[in-house]
Amino acid sequence: MIRLYDTAARQVLPLEPRTPGEVSMYVCGPTVYGPPHLGHGRFSLVFDVLRRYLEWSGNRVRYVSNITDIDDKIIDRAEAEGRSWTEVVTEFETVWWDAMDAMGVRRPDDDPHATAYVERMVDLISDLVGRGAAYPTDDGVYLSVEQVDGYGLLAHQSLDEMVAGGGEREVHGAGRKRHPADFALWKFAKPGEPSWPSPWGDGRPGWHTECVVMSLDLLGDGFDLHGGGLDLAFPHHENERAQAVAVGRDFARRWVHNGFVEVGGEKMSKSLGNFTTLTELLAEHDARAYRLLVLRAHYRRPLEVTADTIAQAEATLERLDAFARRTAELDEAEPDAAVLDAFRTRMDDDLDTPGALAGLFDVVSEVNRLLDAGAAPAATPLAAAVRSALDAMGLDLRDPSAELVPDDVLALAAARDRARAEKDWGMADQLRDELVSKGYVVEDTPGGTVVRRA
Ligand SMILES: [Zn+2]
């Protein structure tokens, strides 16, 4: 079974699902108030790869990822643009799924929307208030973190340390709170704001309450894995967990967080002003390039996104697509067991995708060498293993059969191969120009001329 770094335990541990062979995952989704940024793209891809790999390894996976469709930021945008908050939500949820589809991120099994769970959130808050773990103030209802065993598990700080270090970032309503780290479960609505009824007054749920209710509701107590970007570990995940603990429910067994996206060494986020949207990136580049870039960095390390790293990823894709075209005609074969074992070893070691890819690139080179030497039977199981492993990571190779190249074009490519074999370089160049003028990209591969639509 895969071993993953657990943020709470601060060590790499085997996943050990509560039901062997079945993995339940909850990954915090977006607040839909603007286009997704590169960090959203990264967490979506990281957990898509983990999900696919777990399935490839024989597990059934239930993957839940929410849509936060009520939030201060949504309300602010609607107000600024003079439209309704539901219009903002509808627009940016569509933008979100378009980006996910473009990247080949599989849709979650469930994509709960916060607004559909408000009643259940009110129930949880009532339970917390009834137990003395939460209390109303004049602007909302707050959780009393001092009532929670082990608060600070994910922050790796005690409450005293948090107060001393000013580590608590959420200062909303700080003057009315019993403890600076107490956080809002329910926020009373100001006039004109969207609201739902509650025993304490009309309002809306806090973000931390959304995820704890939806994850437990859909996946049940003690679900296997809670994931998200590292910036969510504290306070968001800490505060989700605090509510579950306070009502005596088992929460996530493992906590998995991916690292930041950096541009010029700085965390990519809107607040830093280096905001490049995922949508912009996908409009300008092969969507697979971003997946490849994400795979080439270990998920816990920072990911450097620059024009250069994207260009490198695109060049690598060209190489993989050339491999796909070159091996498309090989017979079906059982994937080479040793290649798959090596791949599995890397992936099971805390999702070592860079190591796994490096191993596969070596096999791609070996396949090319064997084909050059006319040893197709030896290359066939190796090629099948590479395809299987890339598929486990969700990296699609361009399907050559989908690119129906007309016979006259294939004849030109074959004529060019003959010219090259006869060292008639003038003729070879002339045939290349003819192919280009017909709208094809021409590649010289060890297997001969390869053409595809430009
Ligand atoms: Zn969440």
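Just so it is clear, the model here is predicted, and its values are computed rather than measured. (Residues numbered from 1 in each chain as written. Predicted model: local features only at pLDDT ≥ 70, side-chain atom pairs only at ≥ 80, totals over all residues.)

J.: Any chance you could break down unusual backbone geometry for me, citing the residues and the numbers?
T.: Omega for the bond connecting Phe-234 with Pro-235 falls within 30 degrees of zero, at 5 degrees, which places this linkage in the cis form. Position of Pro-235 relative to the elements: it lies in helix α7 (residues 233-246). With phi around 55 degrees, Lys-423 is a residue other than glycine that occupies positive phi space. Positionally, Lys-423 belongs in the loop between α14 (407-421) and α15 (425-437). (Helix = DSSP H or I, 4+ residues; strand = E, 2+ residues; numbered from the N terminus.)

J.: Explain the sheet that holds strand β9 (residues 225-229) residue by residue, including any values.
T.: Here we have 4 strands laid out as an open sheet, ordered β4-β3-β9-β10, and parallel in their pairing. Among the strands making up the open sheet, the edge pair consists of β4 (60-65) and β10 (254-258). Taking the axes of each pair of neighbouring strands and ignoring which way they run, one obtains an average angle of 20 degrees across the sheet. Here β9 pairs with β10 via 5 bridges, running parallel. Paired with His-226 across the bridge in β10 is Trp-255. Where helix α1 (residues 38-56) meets the sheet, its contacts fall on β3 (22-27), β4, β9 and β10, and the angle it forms with β3 comes to roughly 175 degrees. (Pairing = 2+ DSSP bridges. Axes fitted to C-alpha atoms, helices over the stretch in contact; angles between N-to-C directions. Contact = placed C-beta atoms within 7 Å.)

J.: For the domain arrangement of the protein chain, give the residues involved together with the corresponding values.
T.: How big an interface is tends to be expressed through the accessible area that disappears when the partners come together. One can read the domain layout of the protein chain as domain 1 (3-258), domain 2 (266-400) and domain 3 (403-453). The C-alpha-based centres of domain 2 and domain 3 are spaced at 27 Å. Taken together, the elements giving at least two residues each to the side of domain 2 that touches domain 3 come down to α10 (307-327) and α12 (353-372). Among the residues making up the side of domain 2 that touches domain 3, the classes are represented as 3 nonpolar, 1 polar and 3 charged. (Domains from an automatic or database assignment. Nonpolar A, V, L, I, M, F, W, Y, C, P; charged D, E, K, R; others polar.)

J.: Break down the nonpolar core for me, citing the residues and quoting the values.
T.: Met-25, Ile-125, Leu-143, Leu-185, Leu-360, Val-386 and Ala-389 are the most contacted members of the largest nonpolar core, which totals 113 residues. There are two domains that each give this core at least three residues, and those are domain 1 (3-258) and domain 2 (266-400). Ignoring anything within four residues of it in the chain, the contact list for Met-25 reads Phe-47, Arg-51, Val-61, Tyr-63, Val-64, Asp-224, Leu-225 and Gly-227. (Core = buried A, V, L, I, M, F, W, Y, C linked by C-beta atoms within 7 Å. Buried ≥ 20, exposed ≤ 12 C-beta atoms within 10 Å, placed from the backbone.)

J.: I'd love a proper account of the environment of Tyr-290, names of residues and values included.
T.: Relative to the helices and strands, Tyr-290 is located in helix α9 (residues 287-296). As a C-alpha pair, Tyr-290 and Met-103 span 187 residues in sequence and 7.8 Å in three-dimensional space. Beyond its immediate chain neighbours, meaning those up to four positions away, Tyr-290 contacts Gly-41, Met-103 and Leu-281.

J.: Got a sec to walk through the pairing of strand β14 (residues 440-445)? Specific residues and values, please.
T.: Of the strand pairs in this sheet, β14 and strand β15 (residues 448-453) are connected by 6 bridges, and their pairing is antiparallel. Of the residues in β15, the one forming a bridge with Val-442 is Val-451. Linking β14 to β15, which pair antiparallel, is a turn of 2 residues.

J.: Talk me through the sheet that holds strand β7 (residues 183-188); I want residue IDs and the actual numbers.
T.: The sheet built from 4 strands is open, its strands ordered β5-β6-β7-β8 with antiparallel pairing. Two strands bound the open sheet, and with one partner strand each, they are β5 (134-136) and β8 (203-205). Each neighbouring strand pair of the sheet contributes to a mean axis angle of 20 degrees, computed without reference to strand direction. Bridge analysis of β7 against β8 gives 3 bridges, and the strand direction is antiparallel. Pairing of Lys-187 across the sheet is with Arg-204, part of β8. Here helix α4 (residues 118-130) sits on the sheet and contacts β5, β6 (140-143), β7 and β8; the angle it forms with β5, its principal contact strand, is near 105 degrees.

J.: Explain the pairing of β3 residue by residue, including any values.
T.: Taken across its 6 residues, β3 has 5 buried, putting it largely inside the fold. Judged from the 6 bridges that link them, β3 and β4 form a sheet pairing that is parallel. Looking across to β4, one finds that Tyr-26 is bridged to Val-64. Handedness of the crossover is the feature at issue here: the chain leaves β3, passes through α1, returns alongside β4, and the resulting connection is right-handed. Pairing analysis gives 3 bridges linking β3 to β9, with the strands arranged parallel. Residue pairing for β9: Met-25 is matched across the bridge by Leu-225. (Right-handed = clockwise from strand over helix to strand, strands pointing away.)

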